[in-house]
Amino acid sequence: MNAKSSRAEGEHRIAVYPGSFDPVTFGHLDIIRRAAKQFDRLIVAVLNNTSKSPLFTVEERKGLLLEVTKDLPNVEIGSFRDLLVRYMRSQQAQVIVRGIRSVTDFEYELQMASTNRQLDEGIETIFMMTNPKYSYLSSSIVKEIAKFDGAVQDLVPPSVEAALRGKFGRSE
Ligand code: PNS
């Protein structure tokens, strides 16, 4: 440890950005890029939730995340299937990153952060404001538009756009 740092030598700041990512959007990618600059390692973790019925399988969602973060060397992709705090501990991660788009996100996020704090006081949640350009954007909106053959190229990376076309059976 040196005078300027409260961290032990060799200790890495590891953050987890958890979510459904069904599929990843430019809004998520904006948070991933910005969060990756703040930590030594950022693990983007896909919730493998059997009670939801996602459009993309966990493997597909992870594959798309891998593709769209391939230029970010300190970003890894993972998945978890039960409590987030348990996954955090398994990864030696200290910080949960979440994006907030609007006040409507806030109540849910506050509840989640407080629950995680109750479950493990050693884990901190930090919030990043989503780029206002993407404040309306969600995976559900993207799926809705793609389902009705609308243009999603400004909302998701090209690989995700292609995957959506594959799901909804469009040729182009
Ligand atoms: O992208 P989402 O669907 O808003 O992400 C929600 C997610 C995955 C972060 C949240 O549902 C979660 O962490 N679930 C894991 C179960 C858990 O730990 N619950 C306690 C905290 S609410």
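Since the model is a prediction, treat every value here as computed from it, not as a measurement.

Visitor: Tell me what's going on with the packing of helix H2 (residues 58–68) against helix H6 (residues 158–168), and back it up with residues and numbers.
Guide: A pair of packed helices is characterised by two quantities: the angle between their axes and the separation of those axes. Close contact between H2 and H6 brings their axes to 10 Å; oriented N to C, the two are set at 155°. It follows that H2 is roughly antiparallel to H6 by the angle criterion. Contact with H2, carried on its side by Glu60, Leu64, Glu67 and Val68, involves Ser159, Val160, Ala163 and Lys167 of H6 and no other residues of that element. Residues of the contact of H2 with H6, tallied by class, amount to 4 nonpolar, 1 polar and 3 charged.

Visitor: Mind laying out unusual backbone geometry, listing which residues take part and the relevant values?
Guide: Of the consecutive residues aspartate 22 and proline 23, the connecting peptide bond is found in the cis state with omega at 0°. Structurally, the position occupied by proline 23 is in the loop between strand E1 (14–19) and helix H1 (26–36). One non-glycine residue, glutamine 92, lies in the positive phi region at around 55°. Here glutamine 92 lies in the loop between helix H3 (84–90) and strand E4 (95–100). A residue is classified by how much of its surface remains accessible, and glutamine 92, at 57% relative accessible area, is exposed. At aspartate 149, a residue that is not glycine, the phi angle is positive and equals roughly 65°. You can see aspartate 149 is positioned in the loop between helix H5 (139–147) and H6.

Visitor: Summarise the pairing of strand E2 (residues 41–47); cite the residues concerned and give the values.
Guide: The buried count for E2 comes to 5 of 7 residues, which makes it a mostly enclosed element. Alignment of E1 against E2, held across 6 bridges, turns out to be parallel. Looking at the pairing, proline 18 lines up with alanine 45 of E2. Handedness of the E1-H1-E2 crossover: right-handed. Bridge count for E2 against strand E3 (residues 75–80) is 6 bridges, and the pairing is parallel. Along E3, the bridge assignment pairs valine 46 with serine 79. In the classification by handedness, the crossover that spans E2, the intervening H2 and the parallel E3 is right-handed.

Visitor: So what's going on with the site of the ligand? Which residues, and what values?
Guide: Taken together, 13 residues lie around the ligand, and Ser20, Leu84, Arg98, Met112 and Asn116 are the ones closest in. With respect to the ligand, the side chain of serine 20 contributes an N or O atom lying 2.6 Å from an oxygen atom. With the chains in place, 76% of the 540 Å² that the ligand exposes on its own is no longer accessible. Those elements that provide at least two residues to the shell around the ligand are E1 and helix H4 (103–119). In terms of residue count, the dominant contributor to the shell around the ligand is H4 (3 residues). Looking at the shell around the ligand residue by residue, the class counts come to 7 nonpolar, 3 polar and 3 charged.

Visitor: Give a detailed account of the nonpolar core, specifying residues and quantitative values.
Guide: Membership of the largest hydrophobic core comes to 33 residues, with the highest contact counts inside it found for Ile32, Leu42, Val44 and Val97. For this core, the secondary-structure elements that each account for two or more residues are E1, H1, E2, H2, E3, E4, H5 and H6. With 5 residues, H1 is the single largest residue contributor to this core. By size, the runner-up hydrophobic cluster in this structure holds 12 residues, among which are Ile14, Ile43, Leu84 and Ile123.

Reading guide: rules and limits
Residues numbered from 1 in each chain as written. Predicted model: local features only at pLDDT ≥ 70, side-chain atom pairs only at ≥ 80, totals over all residues. Heavy atoms only, no water. Axes fitted to C-alpha atoms, helices over the stretch in contact; angles between N-to-C directions. Helix = DSSP H or I, 4+ residues; strand = E, 2+ residues; numbered from the N terminus. Parallel < 35°, antiparallel > 145°, perpendicular 65-115°, else oblique. Contact = heavy atoms within 4.5 Å. Nonpolar A, V, L, I, M, F, W, Y, C, P; charged D, E, K, R; others polar. Buried < 20%, exposed > 50% of the residue type's maximum accessible area, 1.4 Å probe, protein only. Pairing = 2+ DSSP bridges. Right-handed = clockwise from strand over helix to strand, strands pointing away. Near = heavy atom within 4 Å. Polar contact = N/O pair within 3.5 Å; in protein donor to acceptor, adjacent residues only side chain to side chain. Areas by Shrake-Rupley, 256 points an atom, 1.4 Å probe, with all protein chains shown as cover. Core = buried A, V, L, I, M, F, W, Y, C linked by side-chain atoms within 4.5 Å.

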